[in-house]
Amino acid sequence: KVKPSWTDRRFPDTWGICLLTVSCLFFLSVLACSRGHERDVAKGHRITILYPAGSEESLYTEDPAQFLVFLPLVTRNASGELEGRLAESWEHSADYRTWTVHLRKDVRWHDDVPVTAHDIKFTLDLLTSPEVHYWPAGSYTVSVLDDNTYTIACYQKSVGTPLDDWTVYYPKHLLQHLDRRNYWTWDFWNHPLGNGAYRFVRRVPKTMLELEANPDYYRGKPKIERVVLKFGDVSGTGALTELLSGNVDVIPWVNRMDLLKL
């Protein structure tokens, strides 16, 4: 397996973000428009999303589905402004190079261990390690002040702001002793344990990934009980067939000429 270099990385594209943020709205629109097929929303509160084939190998880095399981520091609201997730508050130096971040105290990993600044430092150190090289070594320095506070000083412009909405963080207590040389093939990616709105349930290779609502999510348990990512071709006519046949509730892309069929 070829390890991606940090120079090959790109920020999540519009499709990736929209797939997760508008899936529920699209599901409701399809629910209202489809004929010959009724979906019982109340039964199980489950939603099935057609997901790109090839994404089934693992759940890490820039796979949009990671945001269901893991939390970033912040996200952007409908107005495009930063809104805290792991981060509760933050401040920066005059040159924007040094940031102090205060974490929420009510976020826990799915095994009930608290999320701390040590997890943040572990993840950032991991991403700049020679074995992973997601970002170049020396990009920043992270210092833990206490369990819920850390500072980060940035030295590489390629990293961008350390207060971003695309980096997620991993549990130090589960990963710190694993061999970093095998980072890209850790079994953890196939059975992830996160801190987000959904918890891993099961994976069927080349078929599907199933997640369940996290009852201990700090923002409250999600109303959709189950999310199933069904792996397949999202761009061909087969995707539309999957939708109209009721095999999936959401497809991430539709040819404009096919809208008449909906």
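Each value, and the rule that gives it
Residues numbered from 1 in each chain as written. Predicted model: local features only at pLDDT ≥ 70, side-chain atom pairs only at ≥ 80, totals over all residues. Heavy atoms only, no water. Helix = DSSP H or I, 4+ residues; strand = E, 2+ residues; numbered from the N terminus. Salt bridge = Lys/Arg side-chain N within 4 Å of Asp/Glu carboxyl O. Buried < 20%, exposed > 50% of the residue type's maximum accessible area, 1.4 Å probe, protein only. Contact = heavy atoms within 4.5 Å. pLDDT = per-residue confidence, 0-100.

Considering unusual backbone geometry
In this structure, His133 takes a positive phi of about 55 degrees despite not being glycine. Mapped onto the elements of the fold, His133 is located in the loop between helix H4 (117-127) and strand E6 (140-146). A positive phi angle, near 60 degrees, is found at Lys206, a position not held by glycine. Inspection of the secondary structure assignment puts Lys206 in the loop between strand E8 (198-204) and strand E9 (208-213).

Describing the pattern of salt bridges
Following the criterion strictly, the structure yields 12 salt bridges and no others. When the shortest N-O distance is used, the salt bridge between Arg76 and Asp165 registers 3.9 Å. Of this pair, Arg76 sits in strand E2 (residues 74-76) while Asp165 sits in the loop between strand E7 (149-154) and helix H5 (172-175), and the two are 89 residues apart along the sequence. Of the residues examined, Asp165 reaches a relative accessible area of 26% and is grouped as partly exposed. Overlapping salt bridges bring together Arg199, Arg202, Glu210, Glu212 and Arg226 as one network.

Some words on H4
Of all the 11 residues making up H4, eight are buried; the element is thus mostly covered by neighbouring parts of the structure. Within the sequence span of H4, burial applies to Ala117, Asp119, Ile120, Phe122, Thr123, Leu124, Leu126 and Leu127. Of the surrounding elements, those touching the buried residues of H4 are strand E5 (98-103), E6, E7 and H5.

As for the confidence of the model for the protein
Counting all residues, the mean pLDDT for the protein is 81, and 77% of those residues have values of 70 or more. Element-level mean pLDDT values for the protein span from 42 in helix H2 (residues 23-33) up to 97 in H5. Long-range and interchain partners of residues 1-42, a stretch whose pLDDT sits below 50, account for 64 contacts in this model, where long-range means more than four residues apart.

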